[in-house]
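Spelled out from the first residue to the last, the chains are:
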Amino acid sequence: MFYGTAVWDPWLIAGQIICLQCSFYLTLGVLMILFLGLRVPRLSLVYFFDYATLTTCTLTGWAVYMVFLVERARKCLDFSATLYIIHLFFCIVYGGWPSSIAWWVVNGTGLAVMALLAEYLCIKREQREIPMDRFHSRV
């Protein structure tokens, strides 16, 4: 999708980061609706960004998006760290510095799992055989 030449393109990188961040929050929102929608009377941004509402049961981090957006195993750690740094920034702006140890454990674990799983999936995708049938000319 976004994979191109080896030229450094800051607009491409920014576009990938924005797509990954939007996909992250979209999936987090769907999971919040599924898991919290029945238990809370009204969902708000508090559940996204306030560190006090995060518990060790909260699910975050989806490495599958990086397989399609980043497509390179060597970039997975960079994009995972960028995603969680931007999320930390949003949390600080919304509710202050996260002082809960559970927040740091969940997000640190989410970062590690996301980076490792995305790297594994990208390596698997890179190692697939290239089909050569369509390149044979009919003689």
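Because the structure is predicted, anything quoted here is derived from the model rather than measured.

The rules behind these values
- Per chain, residues are indexed from 1 in the order of the written sequence.
- Only residues with pLDDT of at least 70 get local features here, since the model is predicted, and only at 80 or more are side-chain atom pairs given and counted; chain-wide, interface and lining totals rely on the full set of residues.
- Note that the side-chain values use all heavy atoms of the structure and ignore hydrogens as well as water.
- Strands here are runs of E lasting at least two residues and helices are runs of H or I lasting at least four, both read from the DSSP assignment and numbered beginning at the N terminus.
- Using a 1.4 Å probe on the protein chains alone, a residue whose accessible area is under 20% of its type maximum counts as buried, one over 50% counts as exposed, and one in between counts as partly exposed.
- Any pair of residues with heavy atoms lying within 4.5 Å of one another is described as a contacting pair.
- What sets the accessible areas is the Shrake-Rupley method with a 1.4 Å probe; for residues, cover comes only from the shown protein chains.
- The pairing test for Phe, Tyr and Trp rings, Trp by its six-membered ring, is centres within 6.5 Å, and the orientation test on the planes gives stacked under 30 degrees, edge-to-face over 60, and tilted for anything in between.
- UniProt positions are given in the numbering used here, feature names are shortened, and annotations may be inferred rather than shown by experiment.
- The criterion for a disulfide is a pair of cysteine sulfur atoms lying within 2.5 Å.
- What a helix is expected to span follows from its residue count: subtract one and scale by 1.5 Å.
- Here a polar contact means two N or O atoms within 3.5 Å. Within protein one must be a hydrogen donor candidate and the other an acceptor candidate, and residues neighboring in sequence count only if both atoms are side-chain atoms.
- Nonpolar cores were defined as sets of buried Ala, Val, Leu, Ile, Met, Phe, Trp, Tyr and Cys residues, with membership established by side-chain atoms within 4.5 Å.
- Axis lines are fitted through C-alpha atoms, for helices just across the contact stretch, and the angle between N-to-C directions can take any value from 0 to 180 degrees.
- Angles are sorted into four bins: roughly parallel if under 35 degrees, roughly antiparallel if over 145, roughly perpendicular if 65 to 115, and oblique for all others.
- Throughout, a crossing is termed right-handed when the near helix is turned clockwise from the far one, and left-handed when it is turned anticlockwise from it by less than a right angle.
- Gly falls in the polar group here, along with every residue not listed as nonpolar (Ala, Val, Leu, Ile, Met, Phe, Trp, Tyr, Cys, Pro) or charged (Asp, Glu, Lys, Arg).

Q: How would you explain the overall build of the protein chain if you had to name every residue and give the values?
A: The secondary structure content of the protein chain amounts to five helices and zero strands. If you list the helices and strands of the protein chain from N to C, you get α-α-α-α-α. In the protein chain, which comprises 139 residues, the proportion classed as buried is 31%. For the protein chain, long-range pairs separated by at least 24 residues make up 78% of all intrachain contacts whose partners lie at least 6 apart in sequence. By element, 68% of the accessible surface of the protein chain is carried by carbon and sulfur atoms, the whole surface being about 9600 Å².

Q: Mind laying out the packing of aromatic side chains, listing which residues take part and the relevant values?
A: On inspection of all chains with the given rule, the structure shows six aromatic pairs. Three or more aromatic residues joined by ring pairs form one cluster here, namely Phe 24, Tyr 25, Tyr 84, Phe 89 and Phe 90.

Q: Now, about the UniProt feature "transmembrane region" (unreviewed entry) in the protein chain: what can you tell me, with residues and values included?
A: Following the UniProt record, the feature "transmembrane region" (unreviewed entry) maps to residues 12-36, 48-70, 77-95 and 101-122 here. Helix makes up 100% of residues 12-36 and strand 0%. Its end C-alpha atoms lie 35 Å apart. As a span, residues 77-95 carries 100% helix and 0% strand, and end to end its C-alpha atoms are 26 Å apart.

Q: If you had to explain the state of the cysteines to someone new, which residues and values would you point to?
A: Scanning the model with the defined rule gives zero disulfides in all. Free cysteine: Cys 19, not disulfide-bonded; nearest cysteine sulfur from Cys 22 at 6.8 Å.

Q: Requested: an account of helix 5 (residues 101-126), with residues and values cited.
A: Taking 1.5 Å as the rise per residue, helix 5 with 26 residues should run 38 Å; its terminal C-alpha atoms sit 37 Å apart, in good agreement. Every buried residue belonging to helix 5 is among Ala 102, Trp 103, Val 106, Asn 107, Gly 110, Met 114, Ala 115, Ala 118 and Cys 122, and all of these are buried. Looking at where helix 5 begins, the residue whose side-chain oxygen comes 3.3 Å from the main-chain nitrogen of Ala 102 is Ser 100.

Q: Would you mind going over the nonpolar core in detail, with residue names and values included?
A: One finds Leu 20, Phe 24, Tyr 25, Leu 83, Tyr 84 and Met 114 to be the most contacted residues of the largest nonpolar core, which totals 16 residues. Of all the elements in the fold, those that place two or more residues in this core are helix 1 (10-36), helix 4 (76-95) and helix 5. Here the element with the most residues in this core is helix 1; it accounts for six residues.

Q: Tell me about the packing of helix 4 against helix 5, and name the residues and values.
A: One can describe the packing of helix 4 onto helix 5 by two numbers: an axis separation of 8 Å at closest approach and a directional angle of 155°. With respect to helix 5, the element helix 4 is oriented roughly antiparallel. Between helix 4 and helix 5 the crossing geometry is right-handed. Residues Cys 76, Leu 77, Ser 80, Ala 81, Leu 83, Tyr 84, His 87, Leu 88 and Cys 91 of helix 4 form the contact with helix 5, whose own contacting residues are Trp 103, Trp 104, Asn 107, Gly 110, Leu 111, Met 114, Ala 115, Ala 118, Glu 119 and Cys 122. Its residues placed into classes, the contact of helix 4 with helix 5 shows 14 nonpolar, four polar and one charged.

Q: Mind laying out the side chain of Gln 21, listing which residues take part and the relevant values?
A: Among the structural elements, Gln 21 can be located in helix 1. On the accessibility criterion, Gln 21 (8% relative accessible area) is buried.

Q: So what's going on with the side chain of Ser 80? Residues and values would help.
A: Mapped onto the elements, Ser 80 comes out in helix 4. Classification of Ser 80 by relative accessible area gives buried; the value is 0%. Within the local environment of Ser 80, its side chain forms a polar contact with the backbone oxygen of Cys 76, the two atoms lying 2.9 Å apart.

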